[in-house]
Amino acid sequence: MRNRSELVLDLRKLGLIDRPGEWSRLDTTVPAPEDLRIEMIGVPEGSPIELALQLESVVEGIYVSGSVRAAAQGQDARTLEDLELPLDVAITELFVYEREPGDEDSYTVDRDRLDLEPAIRDAVVMALPFRPVKDEDEDEDGEDFRYTLGEDLPESVPETDPRWSALKNLLDEKKES
């Protein structure tokens, strides 16, 4: 575990280790760790992340609840224009003192230190839109998104494709017999 990270908390200094019922409030702004992103959008490394968390000591470990606020930057999935999306992500996680056998999903307290980075990463990345789209209210032109598919289709388009007519004839023959 990295001791120099601002997302690693010393639980002894906070008075939370092995003291069920005690709690501490954490309101701070830290730089974003690397890789808080998916393909088209993410929180840039080093940009500010606001943490408003409550850490509660329970018998099993430390329960962390609160919110993480950041600004994600990326590209609109339709137009590839740059966009910025404010994020306000709720976080509720239990960091356990000892993992149960076979439990690979729980976050752990390691030597009286709690690393918030994996939980924050999971919460923020899961909150990012897979296909980010610029909000219509922010559209500079005031127009709706428009696209073309080439030439307009003639209005006298047959209902069935002539290439399938042989198959349709076979199906009609089967129904008659």
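Note: the structure precedes this text.
Residues numbered from 1 in each chain as written. Predicted model: local features only at pLDDT ≥ 70, side-chain atom pairs only at ≥ 80, totals over all residues. Heavy atoms only, no water.

Undergrad: Which residues make up unusual backbone geometry, and what values go with them?
TA: Although it is not a glycine, Leu 80 sits at a positive phi angle of roughly 65 degrees. Relative to the assigned elements, Leu 80 resides in the loop between strand 6 (61–75) and strand 7 (82–96). Positive phi values are uncommon outside glycine, yet Asp 112 reaches one of about 65 degrees. Along the chain, Asp 112 falls in the loop between strand 8 (107–110) and strand 9 (113–115). (Helix = DSSP H or I, 4+ residues; strand = E, 2+ residues; numbered from the N terminus.)

Undergrad: Requested: an account of the pattern of salt bridges, with residues and values cited.
TA: Tallied over the full model, the rule gives 7 salt bridges. Ionic pairing is found between Arg 12 and Asp 112, a salt bridge with its closest N-O pair at 2.9 Å. With Arg 12 in helix 1 (residues 11–14) and Asp 112 in the loop between strand 8 and strand 9, the pair connects residues that are 100 residues apart, well separated along the chain. What makes Asp 112 partly exposed here is its relative accessible area of 23%. Linking Glu 117 and Arg 121 is a salt bridge whose minimum nitrogen-to-oxygen distance equals 2.4 Å. Residue Glu 117 and its partner Arg 121 are both found in helix 2 (residues 117–127); the two are separated by 4 residues, about one turn of the helix. By relative accessible area, which is 10% here, Glu 117 ends up buried. (Salt bridge = Lys/Arg side-chain N within 4 Å of Asp/Glu carboxyl O. Buried < 20%, exposed > 50% of the residue type's maximum accessible area, 1.4 Å probe, protein only.)

Distances and angles like these do not, on their own, reveal function.
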